[in-house]
Amino acid sequence: MRLSSLTDGIFKNNAIFKQMLGMCPTLAVTTSASNGVAMGLATTAVLMGSNFAVSLFSGFIPKNARIPCYIVIIACFVTVVDLYMNAYFHALHKALGLFIPLIVVNCIVLGRAEAFASRSPVADSVLDGLGTGIGFTIALTALAVCRELVGAGTVFGYAVAPSFYVPVILAVLPPGAFVFLGFMMAFTRFMSSKIKGGGH
Amino acid sequence: MSGLMLLFVGAALVNNVVLSRFLGICPFMGVSKSSETALGMSAAVAFVMMISSVVTWIIEYAVLRPWELGYLQTVVFVLVIAALVQLVEMVMEKTTPELHASLGIFLPLITTNCAILGVALINVQSDYSFIEMIVFSLGTAAGFGLALVLFSGLRERISFSSVPEIFRDAPIAFITAGILALAFMGFSGLVR
Amino acid sequence: MNKQLKIILAVTAVSAICGLILGAAYNQTREAIAEAERADFLAGLSEVLPPYDNDPDKDAREIKGTTVYEAKIKGKPSGYAAVFSSGKGYGGHIYVLVGMDAEGKVSGVAVLKHKETPGLGDKISGKDFLGVFKGLSEPGLIAVKKDGGIIDQFSGATMSPRAVADAVSRALEFMRDNFISEEKR
């Protein structure tokens, strides 16, 4: 078991900023910070579960049947998360709507199952799921906080902007999602080039 | 008839699948670097979307609802779509090799295109009738093609201009998509 | 063993296991989901109805294809509520839950589902706007000022308030016609 299984997914291979995976939910649910966190945590739960199951069963699954089997396993965990969220976090479930079942086709989940869990020990796979999920959650939350702050003047529903601030509604509308993500990607590139430059 | 017309326009322009519902972003970003591949991808998506919508709709009403198996929806739909894509690829290879040569490379990518599963889910969650489902899927496919082709044209132009280092490729593509989405917002209010 | 058979076997086995897990999860969550959905709806009902001591969602009846929820205090009707929709909005149908007291006045309005523009049209689900309807009893006057009614539209958005007013007006008229006797009107 290596610690790097956990940390790689958070920083080095951050799914959104570095690998450009899982874009649909990233853009769609980041209209408020609480939605962003909820979506991130739901995806993390699915990632850990599917990585665990895929790593456990990979020995028994013939090579050619890999993808359909993985898809069924992932869909199974997604439905479990969907059912329990609907039962115990009903309001959040309503807010995220269609994008809970769509975790199935989030390329991050299938990508980690195929690229990591299918050829790694169980413990490492679960850690990798946790790390990738945390990285995804951080990125979603960062984007959602920015959009909610600019678009509504609030963070997690609390008013933080001064009263004279007029919210730029466009930030929480569809175009705002694309533009904010574009600028955030440029910003992370700028920062990582700075850090690398300083190391030399 | 006008109701169906509105449904089509609504799905294609007002609630555009990519620019307002955020489904199918991966192919939207991945294959939009040239207009030619964009056209091919749009055709492949339209084809699979129509078939999968019809099949999943029939399964929902013939099997899942009568037997109260709604909780198996996600698993069944995603399996059906994966199997359909395989089937379409095999049939295409045997019967129309030319079509397969031009669309074949896009087909495996479609399994994880959330627009396909998304439309299948929206169809049954909105309780669309069979005809409404056909019209909605057609409209969505048209909207996907329109957005993808327009966007690839924009990206072809951008590739000739000097973009600052940190904005190159993905960031500028997203910002451009944002402006395109802004243009599409002009369509809202078209359908009441 | 045949290669294809192996694939089919593997997928079937995995699907069967998943099916079992899902069946168990579904049975475990079914009641909680039904309860959460009911609590959600009851919260909406208690917002729009006058005080009651029964379960209005159980004391519901169907009148001309519309379900009406009846609120009672000690067995005596204290109010009625029904869901009406209007297609006059900006982004498709708006679903509104309308409550009426025993005198035939609007006792409360809640917006259940809408797709209006965030920040503009979605002000219709705010308390400031919905409070205006309380106590109104004349279906004909429930319309935005532009249409000759008494409801304030807000700057930049006329269509969303118009749709809500339309739904409230029709709901009130329907419930008055069916529950309030002639002399009281």
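Provided above is the structure to which this section pertains.
What you see is a predicted model; the values in this text were computed from it and never measured.

Parameters and conventions
- Residues numbered from 1 in each chain as written.
- Chains lettered and ligands numbered in written order.
- Predicted model: local features only at pLDDT ≥ 70, side-chain atom pairs only at ≥ 80, totals over all residues.
- Heavy atoms only, no water.
- Helix = DSSP H or I, 4+ residues; strand = E, 2+ residues; numbered from the N terminus.
- Rg over C-alpha atoms; globule rule 2.2 N^0.38 Å.
- Buried < 20%, exposed > 50% of the residue type's maximum accessible area, 1.4 Å probe, protein only.
- Contact = heavy atoms within 4.5 Å.
- Areas by Shrake-Rupley, 256 points an atom, 1.4 Å probe, with all protein chains shown as cover.
- Lys, Arg positive; Asp, Glu negative; His and termini not counted.
- Charge placed at Lys NZ, Arg CZ, Asp CG, Glu CD.
- Core = buried A, V, L, I, M, F, W, Y, C linked by side-chain atoms within 4.5 Å.
- 1 Å grid on protein atoms, 1.4 Å probe; cavity = no way out; pocket = protein on both sides within 12 Å on 5 of 7 lines; lining within 4 Å.
- Points joined across faces, edges and corners; volume = space filled by probe spheres on them.
- Salt bridge = Lys/Arg side-chain N within 4 Å of Asp/Glu carboxyl O.
- Polar contact = N/O pair within 3.5 Å; in protein donor to acceptor, adjacent residues only side chain to side chain.
- Nonpolar A, V, L, I, M, F, W, Y, C, P; charged D, E, K, R; others polar.
- Axes fitted to C-alpha atoms, helices over the stretch in contact; angles between N-to-C directions.
- Left-handed = near helix turned anticlockwise from the far one by under 90°.

Caption draft 1: Here's a closer look at the overall build of chain B. Along chain B, the regular secondary structure elements total 9 helices and 0 strands. For chain B, the sequential pattern of α-helices and β-strands runs α-α-α-α-α-α-α-α-α. On C-alpha atoms alone, chain B measures out to a radius of gyration of 18 Å, which is about the 16 Å that the 2.2 N^0.38 rule sets for 192 residues. In terms of overall dimensions, chain B has a C-alpha envelope of 60 × 45 × 30 Å along the principal axes. Looking at chain B as a whole, 51% of its 192 residues are labelled buried. Contacts in chain B between residues at least 24 apart in sequence constitute 78% of all its contacts with a sequence separation of at least 6. Here chain B has roughly 8600 Å² of accessible surface; of this, 69% comes from carbon and sulfur atoms. In chain B, 8 side chains carry a positive charge and 11 a negative one; their mean positions are 9 Å apart.

Caption draft 2: Representation of the overall build of chain A in the model. A count of helical and extended segments in chain A gives 8 helices and 2 strands. Dimensions of chain A, computed from C-alpha atoms along their principal axes, come out at roughly 65 × 50 × 25 Å. Relative to its full complement of 200 residues, chain A shows a buried share of 55%. Counting contacts in chain A only where the partners sit at least 6 residues apart, residues at least 24 apart contribute 73% of the total. Surface accessibility of chain A: about 8300 Å² in total, with carbon and sulfur atoms responsible for 72%. In chain A, which carries 12 positive and 6 negative side-chain charges, the distance between the mean positions of the two groups comes to 9 Å.

Caption draft 3: Looking closely at the nonpolar core. In this structure, Leu 102 and Phe 178 of chain A together with Leu 19, Ile 25, Phe 28 and Ile 110 of chain B are the most contacted members of the largest nonpolar core, which totals 121 residues. For this core, the element with the highest residue contribution is helix α4 (residues 66-88) of chain A, accounting for 14 residues. Ignoring sequence-local partners within four residues, the contact set of Phe 28 of chain B consists of Val 18, Leu 19, Ala 147, Leu 148, Phe 151 and Ala 177 of chain B. Listed in part, the 30 residues of the second largest apolar core include Met 100, Phe 133, Ile 151 and Ala 167 of chain C.

Caption draft 4: Fine view of unusual backbone geometry. Residues and elements named next belong to chain B. Phi is positive for Phe 22, close to 60°, though the residue is something other than glycine. On the secondary structure map, Phe 22 appears in the loop between α1 (2-14) and α2 (25-30). Looking at Phe 22, the relative accessible area reads 5%, which means it is buried. Positioned with a positive phi, Asp 169 is a non-glycine residue whose angle comes to about 60°. With respect to the helices and strands, the residue Asp 169 is situated in the loop between α8 (130-158) and α9 (170-185).

Caption draft 5: Structural context of the layout of surface pockets. One number sums up the size of the second largest pocket: a volume of about 910 Å³. In this structure, the second largest pocket is lined by 31 residues; those nearest its centre are Ile 67 and Pro 68 of chain A together with Ala 82, Gln 86 and Thr 111 of chain B. Among the elements of the structure, α4 and α6 (107-115) of chain A, α2, α4 (73-95) and α6 (107-110) of chain B together with α1 (3-48) of chain C are those that each provide at least two residues to the lining of the second largest pocket. With 7 residues, α4 of chain B is the largest single contributor of residues to the lining of the second largest pocket.

Caption draft 6: Molecular detail of the interface of chain A and chain C. If you look at the interface, chain A gives 20 residues, while chain C gives 23 residues. Counting across the interface, chain A meets chain C through 1 salt bridge. For Lys 94 of chain A, the salt bridge is made with Asp 40 of chain C, and the minimal N-O distance between the two is 2.5 Å. Taken together, the connections running from chain A to chain C amount to 2 residue pairs in polar contact (both at pLDDT 80 or more). Contributions of two or more residues to the side of chain A that touches chain C are made by α4 and α5 (90-96) of chain A. Of the residues forming the side of chain A that touches chain C, the biggest block, 12 residues, is contributed by α4 of chain A. Of the residues that constitute the side of chain A that touches chain C, the class distribution is 15 nonpolar, 4 polar and 1 charged.

Caption draft 7: Representation of the packing of helix α3 (residues 35-64) of chain B against helix α7 (residues 114-125) of chain B within the structure. Residues and elements named next belong to chain B. Here α3 crosses α7 at 40°, and the two axes come no closer than 9 Å. The two elements α3 and α7 cross, and the hand of that crossing is right-handed. Here α3 contributes Val 45, Val 48, Met 49, Ser 52, Ser 53, Thr 56, Trp 57, Glu 60 and Tyr 61 to the contact with α7, which in turn contributes Ala 115, Ile 116, Val 119, Ala 120, Asn 123 and Val 124. Of the residues that constitute the contact of α3 with α7, the class distribution is 10 nonpolar, 4 polar and 1 charged.

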